[in-house]
There are 2 protein chains.
Amino acid sequence: MFQKQILLPQDQIPRQWYNILADIKINPPLGPDGNPVKPEDLAPVFPMNLIEQEVSTERWIDIPEPVLDVLAMWRPSPLIRANAFEKALDTPARIYFKYEGVSPPGSHKPNTAVAQAYYNKVFGIENMTTETGAGQWGSALSFACSQFGLNCKVFMVRVSFDQKPYRKAMMEAWGGTCIASPSQETKAGRDALQRDPETPGSLGIAISEAIEAAVADTSGKTRYSLGSVLNHVLLHQTIIGLEARKQFGMIDAYPDIIIGCAGGGSNFAGLAFPFVYDKLSGRQVEIYPVEPKACPSMTRGPFVYDHGDTSGYTPLLPMHSLGHAFVPAPIHAGGLRYHGMAPTVSQLAEEGIIEPKSVGQLESYKAGVLWARTEGIIPAPETTNALAQVVKEAQRAKDEGREKIILVNFSGHGLLDLGAYAKYLAGELTDFALSDEEIERSTAITADYPRPERLKNV
Amino acid sequence: MFQKQILLPQDQIPRQWYNILADIKINPPLGPDGNPVKPEDLAPVFPMNLIEQEVSTERWIDIPEPVLDVLAMWRPSPLIRANAFEKALDTPARIYFKYEGVSPPGSHKPNTAVAQAYYNKVFGIENMTTETGAGQWGSALSFACSQFGLNCKVFMVRVSFDQKPYRKAMMEAWGGTCIASPSQETKAGRDALQRDPETPGSLGIAISEAIEAAVADTSGKTRYSLGSVLNHVLLHQTIIGLEARKQFGMIDAYPDIIIGCAGGGSNFAGLAFPFVYDKLSGRQVEIYPVEPKACPSMTRGPFVYDHGDTSGYTPLLPMHSLGHAFVPAPIHAGGLRYHGMAPTVSQLAEEGIIEPKSVGQLESYKAGVLWARTEGIIPAPETTNALAQVVKEAQRAKDEGREKIILVNFSGHGLLDLGAYAKYLAGELTDFALSDEEIERSTAITADYPRPERLKNV
């Protein structure tokens, strides 16, 4: 029988996360006064133990035992050889995928949701708030909160709330509360509804509502949670790449190419950062974050200081950004519709340590359907972006006549996104292109902000 | 770290299925003339290699290598300790679940779909037809056919077709064709539409359409496939229990109680039959198939000869049945809404080797939600029936003060059934009870059929 899966025994699960801030420097976040944000400035929003993790430069950070106990429900995730996909592509490349769809909510998001819920719990927090667009993150945090007995309130962008009632049911099955944003519960929500009672909502408004709801609880028992972009979020995801390295060790191999889709950056970073560590130590490896052409923050957006949210409530972060008011086209990969990119990922791209790529929606779904018909698993729309790049790299390996090893992060399954597949198969999806003028217009918003320093780590 | 999962290394996957017909006798299926059906009578419907398997009495049957290669995408499935569920129930019992939701379609159904597609392929078949109710089986066969390059046509009961468009998208993602039944493609369908143009359809009509579509292809390149009830279908599912036995061997343990939900019987049998084998050899083990109170074929239906389909096209099978015209209440566990029970499972129940139980819809969802909030995975509606019985056994273990080991077959996840959870959480679901008069009325249909012989295997 063909060895399809490489399973890491559960007792060999990584016990520490890898913190890339031990090995690279990034520009600091800036507050409203233009000065670097101090940890205590963030205290009303996040618990101090996570803030300390956000600014830590320790290379290895212990994963708490109670977090491991929950991750053990589905981790280590399998590393699987995509031999049927290889055959369909007629490539000499060996393609492996790290399958994150095995988690209860079906994506990589719980890797950090569980950790964040744990740290909030031990800090004495009782309620968590967050926002969600397509629903992956809100589902993951609801699941994580149910594990630690925390209440979870999710502000879900109204258009998704109405289109995807099953996501709400999922959050409620885990005991979470899911309300359409804008809501009457916050000033930010009420203001938005006053401006336009029929507004479909936006991630920017939902973030504002979730932060406001956390800060407004004067008992101090409520905090906010973010599902990507921040250092500690990406840190928690590195268990993916650390497991993958061990799994390649089991078959005495090492990947030539690492690929992950990138919205805020957490899925990509989770797989890639441990390999970046190797690369910074001299290892040869090509590392590609893949973004949609409809939201090309790294491939077409400048490296600037910008806000993480639309309303400009967050500190200024040093990142590749299309401008915080940018509204991406309605592609179905909702998790990749974000104007910016995690500061660490942006810095690595800026220095050429990783090489961003972009793909179109139609080529992504084409790769996704080929995947389903060969490897069986129906990929999440976000994942199909990474798969489209895998197709290109497999073709390049064929052109070069080389048996390269390609490793891709399979961020999740698409069982809650089948509506998008129905549209694709019915020929109802389109590609979205951005003109230079559109990019210029949307990025102009950061023109008067401070510029990040040109750091050189390598 | 707590050892949550017991993972069987992939190279230790079982290489043979267990055939219970080596160890028990059942009454033969009867044709329209009242005589036992001969293999060649079934040849227009099934390929001969599967018919031979249907009547085989070999105890161990080799799993073909190409079938293993496909199963290896997700098998061996994990055996997982439900320690959080145990804790919530405050029980001394140790609860383990065999998690079948890891397959691409999310249930145990592909275990036989893959095998059936393979045997059809090697027999020279090019097209397969089947019916589906809620969509699990049609999805599984579409997936399996994509693996062997077969065309797959699924007749889906219209009411489900309209309510669950995502199931159609799923089948199409795998290249299958899904059409609403009754359709204009068959005489059975056209007749049904003529009788009632607004009919919601039924599994009985859909089976008739699928069989007719297979038999009507005069090229001989099309065959029909059934997802439960038949001997060869249950045979293919025994890999579940065979893996579980090996996994318990890894922790030097053996279950006291085996539980699985039962509609047609394939999920239950897949886990239970290898343990029945042990029980027939003298091992002490309690084995409980669990059915919904709304469709209690074993707990309230008589052991009779009856047709497998509503239209009476199939041979008469010796089974517990509520009568082939029985229309179960619209419970959400669609896979358990079947009037009969597999002949082998029925025979074991008749002899007391296994002990059927029945549970209500509300207690099932209550157990399902508790499961989601403790073990994370949101169970399929069918699975919640088994979990409701686990709750009872956990309580009994507590009452008796005994650390029993309970093993449950977790047939699938509920990510495509979240609508049912939304209704349950909103208080919109109800229980369904059947009066003795209703049972008497529905079972009267078999009054004039031959009676099965009272076989005694033990």
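Residues numbered from 1 in each chain as written. Chains lettered and ligands numbered in written order. Predicted model: local features only at pLDDT ≥ 70, side-chain atom pairs only at ≥ 80, totals over all residues. Heavy atoms only, no water.

A. Up close: helix H17 (residues 418-425) of chain A. Turning to H17(A), its buried residues are Leu418(A), Gly419(A), Ala420(A) and Tyr421(A). Contact partners of the buried residues in H17(A): helix H15 (361-375) and helix H16 (381-400) of chain A together with helix H7 (165-173) of chain B. Trailing H17(A) by a residue or two, Gly427(A) shows a phi angle of about 75°, which is positive. (Buried < 20%, exposed > 50% of the residue type's maximum accessible area, 1.4 Å probe, protein only. Helix = DSSP H or I, 4+ residues; strand = E, 2+ residues; numbered from the N terminus. Contact = heavy atoms within 4.5 Å.)

B. View of the relation of the copies chain B and chain A. Superposition of chain B onto chain A requires a rotation of 180° combined with a translation of 0.0 Å along the rotation axis, giving an RMSD of 0.0 Å. Read as a symmetry element, the transformation amounts to a two-fold axis. Here 100% of the interface residues in chain B have copies in chain A that are interface residues too; the copies meet face to matching face. (Least-squares fit on C-alpha atoms with pLDDT ≥ 70 in both.)

C. View of the nonpolar core. One finds Trp17(B), Val114(B), Tyr224(B), Phe273(B), Ile287(B), Val345(B) and Leu407(B) to be the most contacted residues of the largest nonpolar core, which totals 104 residues. Excluding residues that lie within four positions of it along the chain, Val114(B) makes contacts with Val67(B), Val70(B), Leu71(B), Trp74(B), Phe143(B), Ala144(B) and Phe148(B). (Core = buried A, V, L, I, M, F, W, Y, C linked by side-chain atoms within 4.5 Å.)

D. Structural view of the packing of aromatic side chains. Residue and element names in this part refer to chain A. Inspection of every chain in the model, using the stated rule, returns 36 aromatic pairs over all chains. The interplanar angle of 35° and the centroid separation of 5.3 Å between the aromatic rings of Trp371 and Phe410 together place this pair among those described as tilted. Highlighted residues: Trp371 in helix H15 and Phe410 in strand S15 (residues 405-410), separated in sequence by 39 residues. A relative accessible area of 0% places Trp371 in the buried class. Judged by relative accessible area, which is 0%, Phe410 ranks as buried. (Phe/Tyr/Trp six-rings, centres within 6.5 Å; stacked < 30°, edge-to-face > 60°.)

E. Structural context of the sheet that holds strand S1 (residues 5-6) of chain A. Residue and element names in this part refer to chain A. Strand order in this open sheet of seven strands is S1-S4-S5-S15-S10-S11-S14, and the pairing throughout is mixed. Whereas interior strands pair on both sides, the edge strands pair on one side only; in this sheet they are S1 and strand S14 (357-359). Relative to S15, strand S10 (residues 257-261) runs parallel, the two sharing three bridges. The residue of S15 that forms the bridge with Ile257 is Ile406. Lying over the sheet, helix H11 (residues 239-250) contacts S1, strand S4 (79-81), strand S5 (94-99) and S15, oriented at roughly 135° with respect to S5. Its contacts with the sheet place helix H12 (residues 266-280) against S10, strand S11 (286-292) and S15, and it is angled at close to 160° to S11. (Pairing = 2+ DSSP bridges. Axes fitted to C-alpha atoms, helices over the stretch in contact; angles between N-to-C directions.)

F. Expanded view of the pattern of salt bridges. Residues and elements named next belong to chain A. On inspection of all chains with the given rule, the structure shows 44 salt bridges over all chains. Ionic pairing is found between Glu393 and Arg396, a salt bridge with its closest N-O pair at 2.6 Å. One end of the pair is Glu393 and the other is Arg396, both in helix H16 and three residues apart, which spans about a single turn. By relative accessible area, which is 4% here, Glu393 ends up buried. For Arg396, a relative accessible area of 26% translates into the label partly exposed. (Salt bridge = Lys/Arg side-chain N within 4 Å of Asp/Glu carboxyl O.)

G. The arrangement of the state of the cysteines in detail. Residues and elements named next belong to chain B. The final tally for this structure, using the stated rule, is zero disulfides over all chains. Not engaged in a disulfide, the cysteine Cys261 finds its nearest cysteine sulfur in Cys295; these two sulfurs lie 12 Å apart. Residue classification places Cys261 among the buried positions, given a relative accessible area of 3%. (Disulfide = S-S within 2.5 Å.)

H. Spatial organisation of the environment of Gly101(B). Residue and element names in this part refer to chain B. Tracing the sequence through the fold places Gly101 in the loop between strand S5 (94-99) and helix H4 (110-122). For Gly101, a relative accessible area of 7% puts it in the buried group. For the pair Gly101 and Thr374, spaced 273 residues apart in the sequence, the C-alpha separation amounts to 17 Å. For Gly101, the residues in contact, after removing those within four places along its chain, are Gly106, Ser107, Phe410, Ser411, Gly412 and His413.

I. Examining the pairing of S15(A) more closely. Residue and element names in this part refer to chain A. Counting buried positions along S15 gives six out of six residues, so the element sits mostly inside the fold. Across the two faces of S15 the burial is the same, with Ile405, Leu407 and Asn409 and Ile406, Val408 and Phe410 all buried. Pairing of S5 with S15, which is carried by six bridges, proceeds in the parallel orientation. Its bridge partner being in S15, Tyr99 is matched across the sheet by Phe410.

J. Spotlight on the sheet that holds strand S7 (residues 151-157) of chain B. Residue and element names in this part refer to chain B. Taking strand neighbours across the sheet as the criterion, the four strands line up as S8-S7-S6-S9 in an open arrangement whose pairing is parallel. Only two strands of the sheet have a single partner each, and these edge strands are strand S8 (177-181) and strand S9 (222-224). Geometrically, the sheet is characterised by an average inter-axis angle of 25° between neighbouring strands, direction not taken into account. Here three bridges tie strand S6 (residues 127-132) to S9, and the two strands are oriented parallel to one another. The residue bridging Thr129 from the neighbouring strand is Tyr224, located in S9. Relative to the sheet, helix H9 (residues 203-216) contacts S6, S7, S8 and S9, its axis offset from that of S6 by approximately 170°.

K. Up close: unusual backbone geometry. Residues and elements named next belong to chain A. Look at the link from Ser181 to Pro182: it is a cis peptide, with omega at 5°. Along the polypeptide, Pro182 turns up in the loop between strand S8 (177-181) and helix H8 (187-195). In the Ramachandran plot, Asp90 falls in the positive-phi region, its phi being about 50° despite a non-glycine side chain. You can see Asp90 is positioned in the loop between helix H3 (83-89) and S5. With phi around 55°, Asp252 is a residue other than glycine that occupies positive phi space. One can find Asp252 in the loop between H11 and S10.

L. Up close: the side chain of Ser103(A). Residues and elements named next belong to chain A. When you line up the elements, Ser103 lands in the loop between S5 and helix H4 (110-122). You can call Ser103 buried: its relative accessible area is 4%. Engagement of the side chain of Ser103 in a polar contact is seen with the backbone oxygen of Ser107, the distance being 2.7 Å. Residue contacts for Ser103: discarding those within four places in its chain leaves Trp74 and Pro110. (Polar contact = N/O pair within 3.5 Å; in protein donor to acceptor, adjacent residues only side chain to side chain.)

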